[in-house]
Amino acid sequence: MTAPTAFAISRERLMLLLMGLILALGMMSYLTLPKREDPEITIRTTLVMATHPGLDLAQLEELVARPLEEATRAIEGVDEIRTRIGMGTVVLEVDLETSVPEAAIPSVFGEIEDDLAALAPTMPEGTRGPLINTDFGAVSIASIALTGPDFSLSEIKDQAEVLRDRLYGKEGISAVEVHGVQDERIWLETRSEAHGNIYTLLPVIAKALQGQNVSLSAGSILLDGQRMPVEISGELRNADQIADLLVEVPGAGKGARLVRLGDLITVRRGTVDPAERPVFHNGRPAILLSVEMAAGEDITVVGDMLRGELDAFAASLPVGMAAELSTFQPAVVADSVNEALVNMGQTFVVVLFVMLAFIGWRQALIVATIVPLAVGFAFALMPVAGVVLQQVSIAAIIISLGLLVDNGVVIIEDMDSRIREGSSRTDAARAAGSQYTLPLAIASVTTAAAFLPLFLLDGTEGQYGYSLGAVVALMLTGSFIAATSFLPVLAIRFLPEPKATPAPGILERLGTGYGRLVRLGLRAPWVMVLLCLLVVAGGVSQMGKVPQQMFPLSERAQLLVYFDLPRGSDISATESEALRFSEWLRSNEEVTSVTSFIGYGGPRFVLSLDPAETDPASAFMVVNTSDFGASEKLLPRARAELDRAFPDARVRLKRVAMGGREPGLEVAISGPDPDRLLAAAHDVEAGFSSAPGLTENAGDWGNRRLIGRVIVAQDEARLHGLSTRDLSQTMAGMLEGRPISVLREGDSQIPITLRLDPESMEGPMAVANMTISTSAGLILTEQIASFEPDLEFSSLRRVNGQRRVTVTAISTELTAPALADHIAPTLERLQEELGPEYDIALGGEIEQSAEVREKLGGGFPAAVAVMLVALMVQFNSFRRVVVTLACVPLVIAGVPLALLAFGQPLSFFGTLGMIALSGIVINNAIVLIDQIDIERRTMSLDAAIAESARKRFRPILLTSLTTVLGLIPMATTGGGLWEPMATLMIGGLGLASVLTLFYVPALYRLALSREINGGPQV
């Protein structure tokens, strides 16, 4: 098969033009390719929320959660439903099956919304919702905090809205959300002992406010032939005017019937109480904007635009007000992409120097040319394939580097050998193309087939897998084209003239010695095979000692703080404690800023972020440090400070995780009895507590919380003309407030709300001493009801209709499998105690790994089928196919040794590196077997094997050296994402290459010794 090489030689100038075009198009594509941290992921989760403050947890579960779950479960395409029940709220997270096509997701979400809307009338009276949120997984690329110590939060909000409107006018921005807004209120507050009297005046106060606080039309008049509308207004403009409002008090004497409202109650302007999700930046109240990017945009370009807009906006702010970045993904992405590209460049430089050291500068430059050509080819076609520049696509390029060099070495080495033997450059190029075009094509196909399962994955994993598989396929295609078309043309022009009597170099001498060893080993080929298999078995035996890891933790200059007080804590207590810790954090020189979200987790700024609880007792902080090393130094001090100064808080200090999910182990316990489930969760937490390096160890139900139950003496209440509903509405009005009018200010309407003053709402006596107006006069609540405190679950969780409590453990020292081993005895005991009604399962990273392995395994038959067909096209021999595939296990031999020696885990990208190594080993085996078949035409079997081994020694050794040495920079400075993969590939390829040199000749000898030269292949 000489067609590509022969055509290229006959069209030399066309090839030179194509090379220039590939490089130019690749560079242009690289400059314009959108850049992201991860592949663009389609979110398959929607959020369903319903609220009913009057129902307890059991009622919420039976009357609200179950009907919503059943209606949702009936919709085709729904995979899993996770339900959270707590504090009058039911939240369903609904995941769609990965088999649902991306284009069909909106219609399934729409069906969920329609079916639940139809269910709404059947919900208990007073239920709000269900409400559907399909933007649950939206990720913001930037968070901008606006603060001003001398300004009110309302004034800061006005400026934030100006910035929001400016950003909405910019291309590439899809959404801008405002966080931290506290709605304003005009509070009319009264003491508990006076509230009953005031409550009797409520209709009078409301009538006075509503009668005066209006702006109405009073008709029109004629003025010089023009019709002039007349308006009349008694609108109240501020709290002082409301306080000065005269209220008619029944029963007062004549002349004393009008009383100033401010003399009856306290009138003040404030914000909602309790606060609703306040935000603080560096300890100051803040309004925060989270900015989301439109699909298909380049995050670095949008980031540059954002910085420019923010700088211009900040310059226009009033003196004393500031706008600062809290999180900024474009900088993180730029650093990640640049670091990966630097690693790739370092690899290329090392490859070039290795080639220069062993094969001469001209040969080295020609072989090295394959790298920019293949990379340029991939960059040029990545937009066509729908792939952007992100860490997965860059990983594919790095994984492919060893394969690229191998193809170039095979062609140029063969040409160089033929030229030294007397052939002309053109004849040598034609002969090399004739011999290696088909083997290299088949090797590329089989290597690409190894990545085929990634193409067949669906869902989130499929979007990651497609990106990697597509780039590997493009790189292999570009490498094959370059090796068989472009490199021969360059070699004809630039390979040196052979010396008359060239002195054998070190590789030639080593090759000669190796050939003799092979000839000696062929006397007992089974011994060589057995020795190689023993080495492989030794490596396999060590795999169990290698720590497992899906994705590493990020090396961002950032820490995440999950701050939880006991459930039931007021949001003001959470705010006070969180700000106290924020102040301590900011006293450390490593910290540049701290953003605190009270009562919720703020915007999701990275896909793998584990959202904090939406609960008044929870807070979430983003701590930015000067660099990654600074965050590492800060961690132990912060943990020590938390142990010392915050004994009542449960605080988790974490780093951002890479990939789609945080690393760690989850223990999920399902069963009918919530008391036994919570007790079992506490047992699991106790079992995890002795594990080293724990950063998280908590169940998702939380502690029990204190609630107050008002027990109404119904007969006594009826004697006073009161029902339970009357009492509930009266108490709610006193404690939470009752809107009676509004203050209109610009485009805002501020509710005017009557309630007890905050001091009158503290402790159980606030309920007992409430005065209630009846037809017969005023009474105290304690006359018709008693107050009883009680303990209740703070929350319940359900998965697919079953109660489930989940304990999550994350350790900095133990991987998820090691944590599973640690907790295994506790789980075995619990399962025996709980019985068959309860189920205990491991989740988290272990579950994710198992799911990915299962999905990859589903594509394995297709990959094997493609490999078999490709190899059969090459060899037309079952035995040769078997010999080739039998080389794949050699890759495993050196992997555990390298990982254990350097303390690296077997990561997801490491697994992909093993697939790439399999491609290199298969490539070597194909070319070596093909060489043996060629030599057998003129030699005996043993002589052909020994001669072929000698000829292939130099290319195999060069390929291994260039790949192994080229990966050293990445293995030492590549960070947590790349170091495990590079270390694995170094160890795996280094030993597999040595084993291949002896294993393939011996196995060929055993498998094909009875085949007659020139006879049919078997």
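This is a predicted model, so every value here is computed, not measured.

Definitions and cut-offs
Residues numbered from 1 in each chain as written. Predicted model: local features only at pLDDT ≥ 70, side-chain atom pairs only at ≥ 80, totals over all residues. Heavy atoms only, no water. Helix = DSSP H or I, 4+ residues; strand = E, 2+ residues; numbered from the N terminus. Buried < 20%, exposed > 50% of the residue type's maximum accessible area, 1.4 Å probe, protein only. Contact = heavy atoms within 4.5 Å. Areas by Shrake-Rupley, 256 points an atom, 1.4 Å probe, with all protein chains shown as cover. Lys, Arg positive; Asp, Glu negative; His and termini not counted. Charge placed at Lys NZ, Arg CZ, Asp CG, Glu CD. Core = buried A, V, L, I, M, F, W, Y, C linked by side-chain atoms within 4.5 Å. Patch = residues over 30% accessible without salt bridge, like charges linked within 9 Å, V, L, I, M, F, W, Y side chains within 5 Å. Salt bridge = Lys/Arg side-chain N within 4 Å of Asp/Glu carboxyl O. Pairing = 2+ DSSP bridges. Axes fitted to C-alpha atoms, helices over the stretch in contact; angles between N-to-C directions. Expected span 1.5 Å × (residues − 1). Arc of directions from axis to C-beta. Parallel < 35°, antiparallel > 145°, perpendicular 65-115°, else oblique. Left-handed = near helix turned anticlockwise from the far one by under 90°. Nonpolar A, V, L, I, M, F, W, Y, C, P; charged D, E, K, R; others polar. Polar contact = N/O pair within 3.5 Å; in protein donor to acceptor, adjacent residues only side chain to side chain.

Chemist: How should I be thinking about the overall build of the protein in this particular structure?
Modeler: From N to C terminus, the protein includes 33 helices and 30 strands. Considered along the principal axes of its C-alpha atoms, the protein spans approximately 130 × 85 × 55 Å. Expressed as a percentage of its 1018 residues, the buried residues of the protein come to 53%. Of all intrachain contacts in the protein linking residues separated by at least 6 positions in sequence, the fraction that spans at least 24 positions is 80%. Accessible surface, the protein as shown: approximately 43300 Å² in total, 56% of it carbon and sulfur. With 79 positive and 116 negative side-chain charges, the protein shows a spacing of 9 Å between the two charge centroids.

Chemist: For this particular structure, what's the right way to read the nonpolar core?
Modeler: General note: in soluble globular proteins, nonpolar side chains tend to be found buried as a group. Ranked by size, the top nonpolar core spans 166 residues in total, and within it Ile144, Leu468 and Phe909 carry the most contacts. The dominant element in this core, judged by the number of residues it contributes, is helix H33 (residues 975-1008), at 17 residues. Setting aside residues up to four positions removed in sequence, isoleucine 144 forms contacts with Leu163, Leu167, Ile287, Leu288, Leu289, Val291, Leu310, Ala323, Glu324 and Leu325.

Chemist: Just checking my understanding: could you explain a negative patch on the surface for this structure?
Modeler: A grouping of Glu76, Asp79, Glu97, Glu111, Glu113, Asp114 and Asp115 is seen on the molecular surface, where their side chains present a negatively charged patch. Ranked by residues supplied to the negative patch, first place goes to helix H4 (residues 105-119) with four residues. Secondary-structure assignment places glutamate 113 in helix H4. Taking the relative accessible area as the measure of exposure, glutamate 113 reaches 41% and is therefore partly exposed.

Chemist: Help me understand unusual backbone geometry in this model?
Modeler: Residues glycine 129 and proline 130 are joined by a peptide bond in cis, for which omega reads 5°. As for its position among the elements, proline 130 is in strand S4 (residues 128-133). In this structure, the amide linkage connecting aspartate 273 to the following residue, proline 274, adopts the cis form with an omega of 5°. With respect to the helices and strands, the residue proline 274 is situated in the loop between strand S12 (266-271) and strand S13 (279-281).

Chemist: In this structure, what is going on with the pattern of salt bridges? I would like to understand it.
Modeler: Note on pairing: side chains with opposite charge can pair once their charged atoms come close. Applying the stated criterion across every chain yields a total of 40 salt bridges. A salt bridge links glutamate 309 to arginine 166; the shortest N-O distance between them is 3.5 Å. With glutamate 309 in helix H10 (residues 299-316) and arginine 166 in helix H5 (residues 153-168), this residue pair connects regions lying 143 residues apart in the sequence. Accessibility expressed as a relative area gives 14% for glutamate 309, which makes it buried. As a salt-bridge pair, glutamate 685 and arginine 650 come within 3.3 Å of each other at their nearest N and O atoms. Of the two residues, glutamate 685 sits in helix H22 (residues 674-688) while arginine 650 sits in strand S19 (residues 650-654), which places them 35 residues apart along the sequence.

Chemist: Would you mind showing me how to read the sheet that holds strand S7 (residues 184-190) here?
Modeler: Pairing between the strands of a sheet comes from backbone hydrogen bonds, and it takes one of two forms, parallel or antiparallel. The mixed open sheet is built from four strands, whose spatial order is S12-S7-S24-S23. Each edge of the open sheet is held by one strand with a lone partner, namely S12 and strand S23 (738-745). Across the sheet, the axes of successive neighbouring strands diverge by a mean angle of 30°, strand direction being ignored. The strands touched by helix H7 (residues 202-212) are S7, S23 and strand S24 (748-756); relative to S23, the strand with the most contacts, the crossing angle is about 15°.

Chemist: Mind showing me how you'd approach helix H2 (residues 12-32) here?
Modeler: Since the α-helix turns once every 3.6 residues, residues separated by three or four places project in the same direction. Look at H2: 30 Å from first C-alpha to last across 21 residues, which is about the 30 Å you get at 1.5 Å a residue. Listed as buried for H2 are Met15, Met19, Ile22, Gly26, Ser29 and Tyr30. An end-on view of H2 places all buried positions within 110° of arc, on one side of the element. Exposed residues lying more than 90 degrees from the buried face of H2 are Arg13, Met28, Leu31 and Thr32.

Chemist: Help me out: how do you make sense of the packing of helix H30 (residues 908-935) against helix H31 (residues 941-966) in this one?
Modeler: Each packed pair of helices is defined by two parameters, the angle between the axes and the distance between the axes. As a packed pair, H30 and H31 sit with axes 8 Å apart at the nearest point and diverge in direction by 155°. Between H30 and H31, the angle is such that the two are roughly antiparallel. Judged by the sense of rotation from one axis to the other, the crossing of H30 with H31 is right-handed. In this structure, H30 uses Ile920, Asn924, Val927, Leu928, Gln931, Ile932 and Glu935 to contact H31, whose residues at the interface are Ala944, Ile945, Glu947, Ser948, Ala949, Lys951, Arg952, Ile956, Thr959 and Thr963. In the contact of H30 with H31, the residues fall into eight nonpolar, five polar and four charged.

Chemist: Explain the side chain of arginine 44 to me, please; I cannot follow it from the model alone.
Modeler: Relative to the helices and strands, arginine 44 is located in the loop between H2 and strand S1 (45-51). For the buried arginine 44, which has no salt bridge, the nearest side chain bearing the opposite charge is glutamate 102, at an N-O separation of 5.9 Å. Only 2.7 Å separates the side chain of arginine 44 from the backbone oxygen of valine 100, close enough to count as a polar contact.

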